Amino acid sequence: MQLFRDLEPLSSEYRHGALTIGNFDGVHLGHARIARQVRQRADEVGGPAVVFTFDPHPVRLLRPELAPPPLTWTRRKVELLGELGIDAVIAYPTTKDLLELTPNEFFDQIIVQKMAAKAMVEGPNFNFGKNRAGDTTTLAKLCNENGMQLDILAPFTREGETEFVSSSRIRKLIAAGDVQAAREMLTQPYRMRGMVTHGAGRGASLGIPTANLEAIDTLVPEIGVYAGIAHRGNAIYAAAINIGPNPTFGEKARKIEVHLIGFQGSLYGEPLEVSFLSRLREVTTFPDVDALRKQLAIDIETTKQKFQDYQTKLSS
Ligand SMILES: Cc1cc2nc3c(=O)[nH]c(=O)nc-3n(C[C@H](O)[C@H](O)[C@H](O)COP(=O)(O)O)c2cc1C
Ligand SMILES: Nc1ncnc2c1ncn2[C@@H]1O[C@H](COP(=O)(O)OP(=O)(O)O)[C@@H](O)[C@H]1O
């Protein structure tokens, strides 16, 4: 899997392939279906399977006040799309000039000249070019004129549901703490990353050290206690996560704390990634430290169980 940040020029290995353009935030089940179709069309035309995405999302440039926090950072998106069979992601720097291109100009300059795409795959709500003026009808006409194949896939809806799977729907679930429902719509559990910083130094004396995460660049789930997975390089640990204040100690600031079950050592200054499996409970004010410690022991046991269930499900 390759990540490109420009097209100047795109090596021929990544031209003449099947292409999809989109944000792919979160990489959910709808995105997975598009990616699989791109893979199939790429094989048919004997070229690469390529995703073109704007980085940052155009809304961040045009209407920053409306831009929701993203679900995935670019490298993570690349990993997830790679697992779906995509060969290259172009995370193209969004500029005002680029957003000024009309649909015809965008199609001609980027899709035809730079990428030489032979096939395209999109969802029904695809828009492109200045003011999002181009839609799937415009795209169909342009693909047809250029001898390119085009698939417009129906929006992906899960069995028994009417509302289709979307990044904004998943964002709402995570913001409300329902990481489990979000997980069921994503290709992998929701993941965040941060840098481990110093906290109040109480964790170790409680017998439960917690890595405090800062510099989070994606959406943070609702305040609460969660079961999840910590990813430290290639190693993974079941992780009990606290998002919120420490009311038992009168601390009001929201912190993101991760206890890596079975880990010993220092994590200070390191990057750490955390995936969310399920929400366990609300953050509570305990009458004393002993009561908190007892609850933490229960949280850790529940977390181990959720982690094991997840591993079992993965391997079945
Ligand atoms: C899984 C988990 C659940 C927690 N739940 C609570 C809670 O409900 N109430 C609370 O006051 N603190 C809770 N804590 C936070 C502890 O108070 C905190 O880890 C401790 O004060 C250490 O803070 P420090 O890292 O700044 O030293 C929880 C911590 C973890 C890891
Ligand atoms: N199993 C573990 N989970 C999380 N952090 C751990 C673990 N074992 C050791 N540590 C280290 O201990 C630190 C947390 O200890 P703690 O007493 O809670 O201090 P602080 O308040 O500075 O976070 C972490 O940042 C990490 O470097």
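Residues numbered from 1 in each chain as written. Chains lettered and ligands numbered in written order. Predicted model: local features only at pLDDT ≥ 70, side-chain atom pairs only at ≥ 80, totals over all residues.

A.B. asks: How do you make sense of the site of ligand 2 when you look at a structure like this?
C.D. replies: Not every one of the 20 residues close to ligand 2 is listed here, only the nearest: G199, G203, A204, P209 and L267. Contributions of two or more residues to the shell around ligand 2 are made by α9 (203–206), β8 (211–214) and β11 (251–260). By residue class, the composition of the shell around ligand 2 is nine nonpolar, ten polar and one charged. (Near = placed C-beta within 6 Å. Helix = DSSP H or I, 4+ residues; strand = E, 2+ residues; numbered from the N terminus. Nonpolar A, V, L, I, M, F, W, Y, C, P; charged D, E, K, R; others polar.)

A.B. asks: How should I be thinking about the sheet that holds β11 in this particular structure?
C.D. replies: Sheet strands line up and pair through hydrogen bonds in the backbone, either parallel or antiparallel. Read around the barrel, six strands follow the order β7-β8-β11-β10-β9-β12 and close on themselves; strand pairing throughout is antiparallel. Taken over all neighbouring pairs, the strand axes of this sheet differ in orientation by 45° on average, direction set aside. Bridge analysis of strand β7 (residues 191–197) against β8 gives three bridges, and the strand direction is antiparallel. Among the inter-strand pairings, M195 is bridged to a residue of β8, identified as E214. Sheet strands in contact with helix α10 (residues 289–315) are β9 (224–232), β10 (235–246) and β12 (271–281), and its direction is about 135° off that of β10. (Pairing = 2+ DSSP bridges. Axes fitted to C-alpha atoms, helices over the stretch in contact; angles between N-to-C directions. Contact = placed C-beta atoms within 7 Å.)

A.B. asks: What's the story with the nonpolar core in this structure? I'm lost.
C.D. replies: Taken as a class, soluble globular proteins show a tendency for nonpolar side chains to be buried jointly. In this structure, L19, V50, L81, A239 and V258 are the most contacted members of the largest nonpolar core, which totals 67 residues. For this core, the two domains that each supply at least three residues are domain 1 (2–152) and domain 2 (189–315). (Core = buried A, V, L, I, M, F, W, Y, C linked by C-beta atoms within 7 Å. Buried ≥ 20, exposed ≤ 12 C-beta atoms within 10 Å, placed from the backbone. Domains from an automatic or database assignment.)

A.B. asks: Is there a simple way to explain the confidence of the model for the protein in this structure?
C.D. replies: The predicted coordinates ought not to be read in detail in places where the model reports low pLDDT. Scored by pLDDT, the protein comes out at a mean of 96, with 100% of its residues at no less than 70. For this predicted complex, the interface score ipTM comes out at 0.96, alongside a pTM of 0.96. (pLDDT = per-residue confidence, 0-100.)

A.B. asks: Please explain the UniProt feature "domain: Riboflavin kinase" (unreviewed entry) in the protein as it appears in this structure.
C.D. replies: According to UniProt, the "domain: Riboflavin kinase" (unreviewed entry) feature falls on residues 185–308. Regarding residues 185–308, the helix share stands at 19% and the strand share at 43%, and the terminal C-alpha atoms are separated by 20 Å. (UniProt positions renumbered as here; feature names shortened; annotations may be inferred.)

A.B. asks: When you look at the site of ligand 1 in this model, what are you seeing that I'm missing?
C.D. replies: Of all residues adjacent to ligand 1, which total 23 residues, the nearest are G199, A200, R202, N242 and T248. Of all the secondary-structure elements, those providing two or more residues to the shell around ligand 1 are α9, β10, β11 and α10. The residue inventory of the shell around ligand 1, partitioned by class, reads ten nonpolar, ten polar and three charged.

A.B. asks: Is there a simple way to think about helix α3 (residues 74–83) in this case?
C.D. replies: Since the α-helix packs 3.6 residues into each turn, any two residues three or four apart lie on the same face. Every buried residue of α3 is listed here: K77, V78, L80 and L81. In this fold, the buried residues of α3 make contact with β1 (2–4), α1 (29–45), β3 (49–55) and β4 (88–93). Directly after α3, the chain includes G85, whose backbone phi takes a positive value near 95°.

A.B. asks: I keep staring at the pairing of β8 and nothing clicks. Help me out?
C.D. replies: Two faces make up the sheet, and in a regular strand the side chains alternate between them. Where β8 meets β11, two bridges bridge the pair, whose relative direction is antiparallel. Residue A211 lies in a different strand from β11, and its bridge partner there is V258.

A.B. asks: When you look at the domain arrangement of the protein in this model, what are you seeing that I'm missing?
C.D. replies: By convention, interface size is frequently given as the accessible area that disappears when the constituent parts associate. Here the domain parsing of the protein yields domain 1 (2–152) and domain 2 (189–315). Measuring from the centre of the C-alpha atoms in domain 1 to the corresponding centre in domain 2 gives 36 Å. With six residues of domain 1 in contact, the opposing surface of domain 2 contributes six residues. Its residues assigned to classes, the side of domain 1 that touches domain 2 shows four nonpolar, one polar and one charged.

A.B. asks: Help me understand the sheet that holds β4 in this model?
C.D. replies: Ordered in space as β1-β4-β3-β2-β5-β6, the six strands form an open sheet in which the pairing is parallel. Both outer strands of the open sheet, β1 and β6 (149–152), are each paired with one neighbouring strand and no more. Across the sheet, the axes of successive neighbouring strands diverge by a mean angle of 20°, strand direction being ignored. Sheet topology note: the strand β2 (residues 18–21)/β3 ladder contains four bridges and is parallel.

A.B. asks: Would you explain the environment of T95 in this entry?
C.D. replies: Position of T95 relative to the elements: it lies in the loop between β4 and α4 (96–100). When the 11 C-beta atoms within 10 Å are taken as the criterion, T95 is described as exposed. Considering only alpha carbons, one finds T95 and H259, 164 residues apart in sequence, at a separation of 41 Å.

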